[in-house]
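Examination of the molecular architecture
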Amino acid sequence: MNFLLVTDLDNTLVGEDTTLLRLNQKLLANRDRLYLIYATGRSYALARQLQEEQNLIEPDYWLTGVGTEIYRKDERDPEWAERLSQDWNRDSVAAIASGFPDLILQPETEQNPWKLSFLIDSERADTVLANLQALITQAGLRAQIIFSNDEDVDILPKNGDKGLAMTYLREKLGIPPEKTLVCGDSGNDISLFQQNTLGLIVSNSRSELLAWYRLCGESRHYRSRARFAGGILEAIDHFKLMPPSE
Ligand code: GLC
Ligand code: MG
């Protein structure tokens, strides 16, 4: 294998049918030379549903629930589950969060043993999330808060997010960081860019990711001109990871 592609689904891989089709064809033509990982905020069930609806090609691994779960075929990685369970007290985090009426619980399917997810009004987010983080820290809990899409709030273990899950797999697969491309559009993708691989920020990215990129972006991060899967095609050419597109 000489290349690892890790991509977010909603509004990164998925969003524009024509370029998705072109990218799928290119990936299939090079399938024996690459590992493919989907990294999404969705639960495994909802991610599989999107795969059906959008005809997404079968990846080698799924990082679901913002990297709190790793699946290969339909099996959850027990070692990753074990790692995240250390130093994680979901009930205490939930008790603190329940004191914030601005946090509206997401559906049960989007909750998992290492992920509590809520919706919030974007105008209230800055203040509420700062207070929530302060209480979590004061209580000595090792949890992180991730804000995405101007409304989603995920509370996860400190040692579990898309970026850490990606590095765990990348090292297992033995692919070097300079042969790994991570792609995303929103806040829950920031952790992917904080690892040491190549990165693509699609042109249709959300404000929270663009704000992070302005402050922390590096030369190994590429902002495409094209949107969605078109951006992934552009980045593959930019970093010369596969033979150029005709
Ligand atoms: C997906 C998940 C949701 C999460 C959001 C942002 O939409 O379904 O639970 O909050 O991604 O990570
Ligand atoms: Mg997305």
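Procedures and definitions
- Residues numbered from 1 in each chain as written.
- Chains lettered and ligands numbered in written order.
- Predicted model: local features only at pLDDT ≥ 70, side-chain atom pairs only at ≥ 80, totals over all residues.
- Heavy atoms only, no water.
- Near = heavy atom within 4 Å.
- Polar contact = N/O pair within 3.5 Å; in protein donor to acceptor, adjacent residues only side chain to side chain.
- Areas by Shrake-Rupley, 256 points an atom, 1.4 Å probe, with all protein chains shown as cover.
- Nonpolar A, V, L, I, M, F, W, Y, C, P; charged D, E, K, R; others polar.
- Domains from an automatic or database assignment.
- Contact = heavy atoms within 4.5 Å.
- Buried area = accessible area lost by both parts, 1.4 Å probe.
- Salt bridge = Lys/Arg side-chain N within 4 Å of Asp/Glu carboxyl O.
- Donors = N, O, S within 2.8 Å, 3.2 Å for Na, K, Ca; no water.
- Helix = DSSP H or I, 4+ residues; strand = E, 2+ residues; numbered from the N terminus.
- Buried < 20%, exposed > 50% of the residue type's maximum accessible area, 1.4 Å probe, protein only.
- Expected span 1.5 Å × (residues − 1).
- Arc of directions from axis to C-beta.
- Disulfide = S-S within 2.5 Å.
- Pairing = 2+ DSSP bridges.
- Axes fitted to C-alpha atoms, helices over the stretch in contact; angles between N-to-C directions.

The local shell around ligand 1 consists of Gly41, Arg42, Val66, Gln106, Glu110, Lys115, Ser117, Ser148, Asp152, Asp154 and Asn188. Here an oxygen atom of ligand 1 and a side-chain polar atom of lysine 115 are 2.8 Å apart. Here ligand 1 has 310 Å² of accessible area as a free molecule, and 85% of this is covered by the chains. Residues belonging to the shell around ligand 1 are distributed by class as follows: 1 nonpolar, 5 polar and 5 charged. Domain assignment of the residues forming the shell around ligand 1 places at least three in each of domain 1 (3–82 + 160–238) and domain 2 (87–157).

Once that is clear, we can look at the domain arrangement of the protein. Taken as a whole, the protein is organised into domain 1 (3–82 + 160–238) and domain 2 (87–157). Contact with domain 1, which involves 18 residues of that partner, is made by 14 residues of domain 2. Of the roughly 1,300 Å² buried between domain 1 and domain 2, counting both surfaces, carbon and sulfur atoms make up 47%. For the salt bridge of arginine 206 with aspartate 150, the shortest nitrogen-to-oxygen distance reads 3.2 Å. In this structure, the connection of domain 1 to domain 2 is made through 9 residue pairs in polar contact (both at pLDDT 80 or more). Class assignment for the residues of the side of domain 1 that touches domain 2 results in 3 nonpolar, 9 polar and 6 charged.

Within the protein, Asp8 (OD), Asp10 (O) and Asp185 (OD) serve as the donor atoms for the magnesium ion (ligand 2), at 2.1 to 2.3 Å. Read in sequence order, the donor residues coordinating the magnesium ion (ligand 2) give the pattern D-x1-D-x174-D. You can see aspartate 8 sitting in the loop between β1 (3–7) and α1 (17–29) and its partner aspartate 185 sitting in the loop between β10 (180–184) and α7 (190–193), a full 177 residues away along the chain. Here aspartate 8 and aspartate 185 have matching classes, each one buried.

Moving on to α1. The end-to-end C-alpha separation of α1 is 18 Å, in line with the 18 Å expected for 13 residues at 1.5 Å each. Restricting attention to buried positions, one finds in α1 the residues Thr19, Leu20, Leu23, Asn24, Lys26 and Leu27. What you see down the axis of α1 is that its buried residues fit within an arc of 165°, all on one side. Structural note: α1 exposes Asp17, Thr18, Leu21, Gln25, Leu28 and Ala29 on the side pointing more than 90 degrees away from its buried face. Looking at the buried residues of α1, the elements they touch are β1, β2 (34–39), α2 (44–54) and α9 (228–238).

Right, let's talk about the state of the cysteines for a bit. Counted by the stated rule, this structure contains 0 disulfides. Lacking any disulfide linkage, cysteine 216 is separated from the closest cysteine sulfur, that of cysteine 183, by 19 Å.

Along the polypeptide, glycine 15 turns up in the loop between β1 and α1. In this structure, the C-alpha to C-alpha distance between glycine 15 and lysine 73, residues 58 residues apart in sequence, is 24 Å.

On to the sheet that holds β10. One open sheet holds the 8 strands; their spatial order is β5-β4-β3-β2-β1-β10-β11-β12, and the pairing between them is mixed. Each end of this open sheet is capped by a strand with a single partner; those strands are β5 (75–76) and β12 (221–223). One ladder, built from 3 bridges, connects strand β3 (residues 61–64) with strand β4 (residues 69–72); its direction is antiparallel. Across the sheet, the residue bridging to tryptophan 62 is tyrosine 71, located in β4. Contacts from helix α8 (residues 207–216) reach β10, β11 (198–201) and β12, with the element oriented near 130° to β12.

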